[in-house]
Amino acid sequence: MKISALTCFLCTTLVVSPATVLSHEANHAVIPAGVIGEIETTHVKMRFDNVVIRGAQVFNGCDETLADVDVLVSGQLIREIGTDIQTPEGAFEIDAEGYTLIPGLIDAHWHGVFAEATIAQLALTGEGYWNLLAAKAQNNALSRGFTTVRDTAGPMFDIARATDEGLIDGPRVFPSGPALSITAGHQDFRVTRDVPQASGNLHSFETNNMFYITDGVPDVLKRTRENLMQGATQIKIMAGGGVTSAYDPIHTIQFTDEEFRAAVEATEAWGTYVTTHAINDEAVVHSVENGARSVEHGHMASRETLQKMKDAGVWLSMQPFLDDEDAPALNDFQRAKYKFVTDGTDFVYRTAKELGLKIAFGTDTLFSADLAKKQGAVLAKLTRWFTPYETLKMATCDNAELLKMSGPLTPYPLGPLGVIEEGAYADMILVNGNPLETIDLISDPKANFGMIMKDGVIYKFDME
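Numbers given to residues run from 1 along each chain, matching the order in which its sequence is written. Since the coordinates come from a predicted model, pLDDT governs what is reported: local features require at least 70, and pairs of side-chain atoms require 80 or more to be given and counted, while whole-chain, interface and lining totals use all residues. Hydrogens and water molecules were not included; the side-chain quantities draw on all heavy atoms of the structure.

(A) Spatial organisation of the confidence of the model for the chain. Scored from 0 to 100, pLDDT reflects the predictor's confidence in each residue. Of the residues in the chain, 90% reach a pLDDT of 70 or more, and the chain-wide mean stands at 87. For residues 1-40, every residue scores under 50 in pLDDT, and the model assigns this stretch 84 contacts once sequence neighbours within four places are set aside. In what follows, a contact means two residues having at least one pair of non-hydrogen atoms within 4.5 Å.

Right, dumping it as structure tokens:
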């Protein structure tokens, strides 16, 4: 089937021949073939037995050189890459001359529940409403070309399952579940009238999986294991002060060594890892020395600390926070803490690159639909410190390496993510132009993305 036939699909509800049944696992539903509905900004949702993409320059996610090859997708996976691929009978064929085919983007620090919701919406509702807010945020993230997210705190287990089962449209989710926080720590969003809390009584935010307050080794072990029970692919610990939290100054270290190591031991027993919120230098050191394998933020880390991370093989999952037009709306107390963060961004990125750290990309968008819309623009902002190639590699091939640390707990075991290679998941974007030359193409997906594919399903098709 040639590209010229697409008009029929955009204007009608005709169904093409059924697709061969392929699933992630036995409990993952399969989306049927053809046009089956509309989603925000993409206008189309199609699945075919086979899709052939011809004429594009291909960025495989890892190598800087673009390849002149065709790509054949069968079901969920990339089946063949090469020249003069034979078109299977009935395949959907795309002429992508002038486009660059890149892997789907990965956001390694995302909060599906918190990204677009306001604080008032979260405070005045419950998990059912949060799921609706998150489903919308996830749908919008997919429309920006983000086909996978590592959710680093929040009640996302049901969203992850609903996505895999085809109930909602959004990126693949590697969920941490509710973050672990000490009393008065970074994820303690109770109000002061909620304390003292009677022993054994949980706050409604805890029973709704917004966060877990954990004090003492036995409680840390229990909450860690409960997260793993619900499907966490990694465990998130709040190890130091934060910007948006009310009680903890930015300089604080949170969790004792014994508490921290208990979480790491319980997590590693399941074959995965602990990632940690740590902004100030002391909290980063505390995290590295107690077994964290990824540090979220790290904006106040010293050169010596970054070298410790390098030596220990710990990932730096940092965000390009600057005191600019993309800064979040903050009160005076939060703004003062945010200044500490932004003051260190330039030094840490430059030093981490010089030392050769493993660096991941994530946005950490919070409480603003307007900021969430800039997800791709935040990625493009990395070119202050990295080349366009290094930037795209970070959001695809490199982030996928970080996701592999979930080991046997990965929800997606059939093939690699973040790359265009035979046997990989068919998560791909056709960009009108060459983002390795003009990275700002990523900033406006509505104008510049001709196709967005996830899991072999086409969620956007708007080719010239």
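Alright, that's what it looks like, and here's the rest.
(B) Focus on the sheet that holds strand β11 (residues 172-175). If DSSP finds at least two bridges between two strands, the strands pair. What counts as a helix is a DSSP run of H or I of at least four residues, what counts as a strand is a run of E of at least two, and both are numbered from the N terminus. Taking strand neighbours across the sheet as the criterion, the 3 strands line up as β9-β10-β11 in an open arrangement whose pairing is parallel. The open sheet has two edge strands, β9 (105-110) and β11, and neither has a second partner. With direction set aside, neighbouring strand axes in the sheet form an average angle of 15 degrees. As judged from the 4 bridges shared by strand β10 (residues 146-151) and β11, these two strands associate in the parallel manner. Note on geometry: axes are C-alpha line fits, over the in-contact stretch for helices, and angles between N-to-C directions span 0 to 180 degrees.

(C) Spotlight on the environment of A153. Summarising the element assignment, A153 is placed in the loop between β10 and α4 (157-164). Overall, A153 belongs to the buried group, its relative accessible area being 2%. Sequence spacing of A153 and I237 is 84 residues, and the spatial spacing of their C-alpha atoms is 9.1 Å. Discounting chain neighbours no more than four positions away, the residues touching A153 are H111, F114, S176, G177, A179, K236 and M238. Exposure categories follow from relative accessible area, calculated using a 1.4 Å probe and restricted to protein chains: below 20% of the type maximum is buried, above 50% is exposed, and the middle band is partly exposed.

(D) Seen up close, the pattern of salt bridges. By convention in these notes, a salt bridge is any Lys or Arg side-chain nitrogen within 4 Å of a carboxyl oxygen on Asp or Glu. Tallying each qualifying case throughout the model produces 18 salt bridges. Measuring nitrogen to oxygen at the nearest pair gives 3.0 Å for the salt bridge that ties E116 to K136. Taken as a pair, E116 in the loop between β9 and α2 (119-123) and K136 in helix α3 (residues 127-143) lie far apart in primary sequence, 20 residues in all. The salt bridge partner of R172 is D427, with a shortest N-O separation of 2.8 Å. Residue R172 is found in strand β11, and its partner D427 is found in the loop between α13 (388-403) and β19 (428-432); the two are separated by 255 residues along the sequence.

(E) Region of the structure containing the packing of helix α9 (residues 303-312) against helix α10 (residues 332-355). In contact at an axis separation of 10 Å, α9 and α10 are set at 45 degrees when each is read in the N-to-C sense. Our classification of the angle between α9 and α10 gives oblique. Two packed elements cross with a definite hand, and for α9 against α10 that hand is right-handed. Here α9 contributes R303, L306, Q307 and K310 to the contact with α10, which in turn contributes F347, V348, T351, A352, E354 and L355. Basically, the charged four are Asp, Glu, Lys and Arg, the nonpolar ten are Ala, Val, Leu, Ile, Met, Phe, Trp, Tyr, Cys and Pro, and anything else, Gly included, counts as polar. The residue makeup of the contact of α9 with α10, split by class, is 5 nonpolar, 2 polar and 3 charged. Note on angle classes: values under 35 degrees are labelled roughly parallel, values over 145 roughly antiparallel, values of 65 to 115 roughly perpendicular, and the remainder oblique. By definition, turning the near helix anticlockwise from the far helix through less than a right angle yields a left-handed crossing, and turning it clockwise yields a right-handed one.

(F) Broad picture of the nonpolar core. Counting 45 residues, the largest nonpolar core has L105 and M309 as the members making the most contacts within it. In contact with L105, not counting residues within four places along its chain, are R144, G145, F146, T147, T148, L379, L392, A395, T396, I429 and I442. Among the nonpolar cores identified, the runner-up in size contains 27 residues, and M46, I78, F92 and M453 belong to it. Side-chain atoms within 4.5 Å link the members of a nonpolar core, which is a set of buried Ala, Val, Leu, Ile, Met, Phe, Trp, Tyr and Cys residues.

(G) Just the pairing of strand β6 (residues 77-82), in detail. Alignment of strand β5 (residues 70-74) against β6, held across 5 bridges, turns out to be antiparallel. Note on β6: the bridge partner recorded for V73 is I78. Hairpin connection of β5 to β6: 2 residues between the antiparallel strands, including G75 at a positive phi of 65 degrees.

(H) Region of the structure containing the pairing of β5. For β5, the tally of buried residues reaches 5 of 5 residues, placing the bulk of the element in the interior. Because side chains alternate across β5, one face comprises the buried residues D70, L72 and S74, and the other comprises V71 and V73, equally buried.

(I) α9, seen in detail. For α9, the complete set of buried residues consists of T305, L306 and M309. End-on, the buried residues of α9 take up no more than an arc of 100 degrees, which puts them together on one face. With respect to the buried face of α9, the exposed residues turned more than 90 degrees away are E304 and D311. The secondary structure elements touched by the buried residues of α9 are α8 (281-289), β16 (294-300), β17 (315-318) and α10. Taken from the residues just after α9, G313 is the one with a positive phi, measuring 70 degrees. It is the directions from the helix axis to the C-beta atoms that the arc portrays.

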